[in-house]
Amino acid sequence: LAKANGRNCVRLFEPNDPGGSDLNDRIAGALKDAINRDLVSLAYQPIKHIESGRIDTVEALMRLHTSDGMEISPYFFIPIAEKYGTILDLQLWMIRTVCTEILAECDVLNVSVNISPIELKTADFAASVAAILEETGAPGDRLIFEITERLEIELESEILTCIRALKLLGIRIWLDDFGTGFAGLSWLRLIDFDTVKIDRSFLADCATSEGRILLCDIANLVRNRGPNILVEGVESNEQLVLLRELGIDQAQGFHIGMPSPAERLLRGGAILATARETV
Ligand code: C2E
Ligand code: MG
Ligand code: MG
Ligand code: MG
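If you're wondering where the values come from, they're calculated on a predicted model, not measured in any experiment.

## Observations concerning the packing of aromatic side chains
A full pass over the atoms with the stated rule returns 1 aromatic pair. Taking 6.2 Å as the distance between ring centres and 40° as the angle between the ring planes, the aromatic pair formed by phenylalanine 125 and phenylalanine 145 counts as tilted. Linking phenylalanine 125 in helix α6 (residues 125–136) with phenylalanine 145 in strand β5 (residues 143–148), this pair joins segments that are 20 residues apart in sequence. Owing to a relative accessible area of 1%, phenylalanine 125 belongs among the buried residues under this scheme. The class of phenylalanine 145 is buried, set by a relative accessible area of 1%.

Right under this line is the structure:
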């Protein structure tokens, strides 16, 4: 585990690599009691409305720490948690934590949470979420669930039923990593997404004019179907300027703000001040 640090670990250990299964077993074991041992935490990354400059939403990202102080990337441990069945407990812990450390603490921020499609197939997932909202008093209409297109799962009827139940709680549904799979287009037809997040690989390709045309086409395709458009992975001011020119609604990335713990997000109050601006 010593080298399982940040994004690099994706390349060092592939979760599906049979040679790494011993390590996967150990991580799955560690995930099982990570919550009890206080080894998981959340980092929140700001999302900006490009036109107004207002930040009223943050994305919650899971962090797993080892007992010797290393951090393991979710790109690595989420697929293991999904495969070994520990994802549901982790996810419910996460939603409860978002409700208590952000939604109950401040009255203006919306929080988006990445949800594994596996959960959406779990029969009582929506009921578990309803119970958490009830128990913490957090308003469902400031909670957003992001569903990734990356996994290319089938949109089975259980998933659509679950999404309908979540929407009745006021929860908004966003499509994450749009353009990375083949599922997105049919999903756009079947689910009324509030916002679509265009994968950061498309912005990275915008150094060339072909890349810019592709991003523009994708944005038009989404816009014509109704949802708001967010582009992820904004790392420079030039990229932000380009997105403004293309009429993209929201932006997220290291240039806008790094993921940081709840205390740091709420301390200082700079983000909360912009969130309150037009309220
Ligand atoms: P994602 O939902 O697409 O989240 C965005 C990822 O891109 C985050 O990585 C974030 O730190 C990173 N990022 C943000 N801005 C930039 C940028 O400007 N440049 C670059 N190169 N990267 C940027 P992170 O935190 O490592 O999360 C990776 C993925 O793990 C997430 O991708 C999401 O799919 C998954 N994940 C994270 N937390 C959870 C969770 O609680 N539940 C589930 N099911 N999946 C999660
Ligand atoms: Mg996401
Ligand atoms: Mg994404
Ligand atoms: Mg992404």
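## Focus: the coordination of the magnesium ion (ligand 2)
Geometrically, a metal with four donors at the corners of a regular tetrahedron has ideal angles of 109.5 degrees, and one with six donors at the corners of a regular octahedron has ideal angles of 90 or 180 degrees. Protein-derived coordination of the magnesium ion (ligand 2) comes from Glu59 (OE), Asn114 (OD1), Glu146 (OE) and Asp176 (OD), at a distance range of 2.0 to 2.2 Å. Taken as an interatomic distance, the gap from the magnesium ion (ligand 2) to the magnesium ion (ligand 3) is 3.9 Å; aspartate 176 donates to each of them. Residue asparagine 114 is found in strand β4 (residues 110–115), and its partner glutamate 146 is found in strand β5; the two are separated by 32 residues along the sequence. Judged by relative accessible area, asparagine 114 falls into the partly exposed class, the value being 22%.

## What to know about the pairing of β5
Most of β5 sits inside the fold, with 6 of its 6 residues counted as buried. Summarising the sheet, β4 and β5 pair through 5 bridges and their orientation is parallel. Each bridged residue has a counterpart across the sheet, and for valine 113 the counterpart in β5 is phenylalanine 145. For β5 and strand β6 (residues 172–178), the ladder comprises 5 bridges, and the chain directions are parallel. If you follow isoleucine 144 over to β6, its bridge partner there is arginine 172.

## Side note on the confidence of the model for the chain
Do not read the fine detail of predicted coordinates wherever pLDDT is low. Summarising the model, the chain shows a mean pLDDT of 88, and 91% of its residues fall at 70 or more. As scored by the predictor, the complex reaches a pTM of 0.90 and an ipTM of 0.95.

## Description of the pairing of strand β8 (residues 228–231)
Looking at chain direction, strand β7 (residues 195–198) and β8 are connected through 4 bridges and run parallel. Considered in β8, the bridge of valine 196 is made with isoleucine 229. As paired elements, β8 and strand β9 (residues 250–252) share 2 bridges and run parallel to each other. What sits directly across from leucine 230, in β9, is glutamine 250.

## Side note on the site of ligand 1
Neighbouring residues of ligand 1: 26 residues in total, closest Arg63, Asn114, Asp176, Glu235 and Phe254. One of the side-chain N or O atoms of glutamine 91 is found 3.3 Å from a nitrogen atom in ligand 1. Measuring from an oxygen atom of ligand 1, one finds a side-chain N or O atom of aspartate 177 at 3.2 Å. Here ligand 1 loses 93% of its free accessible area of 800 Å² to cover by the protein chains. Contributing elements (two or more residues each) for the shell around ligand 1: β2 (55–65), α3 (74–84), α4 (87–103) and β6. Element by element, the count of residues in the shell around ligand 1 is highest for β2, at 4 residues. Of the residues in the shell around ligand 1, the class split is 9 nonpolar, 7 polar and 10 charged.

## Remarks on α4
Compared with the 24 Å implied by 1.5 Å per residue over 17 residues, the 22 Å span of α4 between its first and last C-alpha is a close match. Among the 17 residues in α4, 12 count as buried, and that is most of the element. For α4, the set of buried residues is Ile87, Leu90, Gln91, Leu92, Trp93, Met94, Ile95, Thr97, Val98, Cys99, Ile102 and Leu103.

Criteria and thresholds
Residues numbered from 1 in each chain as written. Chains lettered and ligands numbered in written order. Predicted model: local features only at pLDDT ≥ 70, side-chain atom pairs only at ≥ 80, totals over all residues. Heavy atoms only, no water. Phe/Tyr/Trp six-rings, centres within 6.5 Å; stacked < 30°, edge-to-face > 60°. Helix = DSSP H or I, 4+ residues; strand = E, 2+ residues; numbered from the N terminus. Buried < 20%, exposed > 50% of the residue type's maximum accessible area, 1.4 Å probe, protein only. Donors = N, O, S within 2.8 Å, 3.2 Å for Na, K, Ca; no water. Pairing = 2+ DSSP bridges. pLDDT = per-residue confidence, 0-100. Near = heavy atom within 4 Å. Polar contact = N/O pair within 3.5 Å; in protein donor to acceptor, adjacent residues only side chain to side chain. Areas by Shrake-Rupley, 256 points an atom, 1.4 Å probe, with all protein chains shown as cover. Nonpolar A, V, L, I, M, F, W, Y, C, P; charged D, E, K, R; others polar. Expected span 1.5 Å × (residues − 1).

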